[in-house]
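Below are the chains, spelled out letter by letter.
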Amino acid sequence: MSAPTQRPERGAQSAERNVELVVFRIGELLCGINIAAVQEVNKHLDFTPVHQAPDTIRGIVNLRGQVLTILDLRRYLGLPSRPVDGQARSIIVRHQGETVGLLVDEVDDIVSTSTEEILAPPPHLRGSYGDLFEGVLRQQHHLVAILGVERLWTNEPSARSN
């Protein structure tokens, strides 16, 4: 007589997917970005301004022979620019073969979570700047707005109404 086969537990069939987020600050806003899109976090912020570029472009930088555009996420989100300090970082991200740097005020942490923990953004976030966010992660003492990297390419500030 053969031993009975064990059936997987009900929850095992719909395994949760885990995602890691690089969590960073832009002013008072706590944001996250999927680490799968992140090439690196860089504190080298010696970028060259670009004459007559949109004000969302902080400049360009030579990163190991590759010239990258640095987007100022403060300006991208309609916040005033601020001087770069020792906490500021450039998050280098990739999307569809393009690489850019995202200037942020500071990088906080890397958080691992289940995709089931990520909530849809509230309806009032949708609109000119809210379209950049693909979800919200509720943590113990705060919320993390999750930025969709691909939305930076499809939601140019010039195409939004301010």
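Because the structure is a prediction, the values reported are computed rather than measured. (Residues numbered from 1 in each chain as written. Predicted model: local features only at pLDDT ≥ 70, side-chain atom pairs only at ≥ 80, totals over all residues. Heavy atoms only, no water.)

Undergrad: Even after reading the chapter, I still don't get the sheet that holds strand β11 (residues 143–147), so can you show me in this structure?
TA: In any sheet, the strands associate via hydrogen bonds between backbone groups, in a parallel or an antiparallel arrangement. Strands sit in the order β8-β1-β2-β11-β10-β9 across an open sheet of six strands; the sheet is mixed. Looking at strand neighbours, the two that pair on one side only are β8 (106–114) and β9 (118–119), the edges of this open sheet. One ladder, built from three bridges, connects strand β2 (residues 29–34) with β11; its direction is parallel. Its bridge partner lying in β11, G32 is registered against I146. (Pairing = 2+ DSSP bridges. Helix = DSSP H or I, 4+ residues; strand = E, 2+ residues; numbered from the N terminus.)

Undergrad: Explain empty space enclosed by the protein to me, please; I cannot follow it from the model alone.
TA: To locate leftover empty space, one rolls a probe as large as a water molecule over the atoms. A complete count under the given rule lists two cavities of 30 Å³ or more for this structure. For the largest cavity, the calculated volume is near 70 Å³. Forming the boundary of the largest cavity are R58, D72, R74, R82, P83, V84, D85, A88, L103, V104 and D105. When its residues are assigned to classes, the lining of the largest cavity shows five nonpolar, no polar and six charged. By volume, the second largest cavity is sized at about 60 Å³. Along the walls of the second largest cavity sit N42, H44, L45, F47, V61, L63, I70, S90 and I92, which together make up its complete lining. Taken together, the elements giving at least two residues each to the lining of the second largest cavity come down to β4 (57–63) and β6 (89–95). Across the lining of the second largest cavity, the residue classes break down as six nonpolar, three polar and no charged. (1 Å grid on protein atoms, 1.4 Å probe; cavity = no way out; pocket = protein on both sides within 12 Å on 5 of 7 lines; lining within 4 Å. Points joined across faces, edges and corners; volume = space filled by probe spheres on them. Nonpolar A, V, L, I, M, F, W, Y, C, P; charged D, E, K, R; others polar.)

Undergrad: What's the story with unusual backbone geometry in this structure? I'm lost.
TA: Across the chain, the bulk of peptide bonds are trans and the bulk of non-glycine residues have phi less than zero. Despite not being glycine, R64 has its phi angle at roughly 50 degrees, a positive value. Summarising the element assignment, R64 is placed in the loop between β4 and β5 (66–72). The class for R64 is exposed, based on a relative accessible area of 63%. Although it is not a glycine, Q96 adopts a positive phi angle of roughly 45 degrees. Assignment of secondary structure puts Q96 in the loop between β6 and β7 (98–104). Using a relative accessible area of 72% as the deciding quantity, one classes Q96 as exposed. (Buried < 20%, exposed > 50% of the residue type's maximum accessible area, 1.4 Å probe, protein only.)

Undergrad: Sorry if this is basic, but what is going on with the environment of V19 here?
TA: Tracing the backbone through its elements, the reader meets V19 in strand β1 (residues 18–26). Sequence spacing of V19 and N34 is 15 residues, and the spatial spacing of their C-alpha atoms is 7.0 Å.

Undergrad: Where do I start with the sheet that holds β5 in this structure?
TA: In spatial order, the strands read β3-β6-β7-β5-β4; together these five strands make up an open sheet with mixed pairing. The open sheet has two edge strands, β3 (38–42) and β4, and neither has a second partner. Between one strand axis and the next, the sheet turns by 25 degrees as a mean value, whatever way the strands run. Across four bridges, β5 lies against β7 in parallel orientation. Among the inter-strand pairings, L71 is bridged to a residue of β7, identified as L102. (Axes fitted to C-alpha atoms, helices over the stretch in contact; angles between N-to-C directions.)

Undergrad: What should I look at first to understand the pattern of salt bridges in this one?
TA: In this structure the tally under the stated criterion is seven salt bridges. Among the salt bridges present, the one from D72 reaches R58, with a minimum N-O distance of 2.7 Å. Linking D72 in strand β5 with R58 in strand β4, this pair joins segments that are 14 residues apart in sequence. A salt bridge links R75 to D72; its shortest N-O distance comes to 3.6 Å. The class for R75 is partly exposed, based on a relative accessible area of 26%. Taking the relative accessible area as the measure of exposure, D72 reaches 1% and is therefore buried. (Salt bridge = Lys/Arg side-chain N within 4 Å of Asp/Glu carboxyl O.)

Honestly, that's just the spatial picture; any functional story needs more than this.
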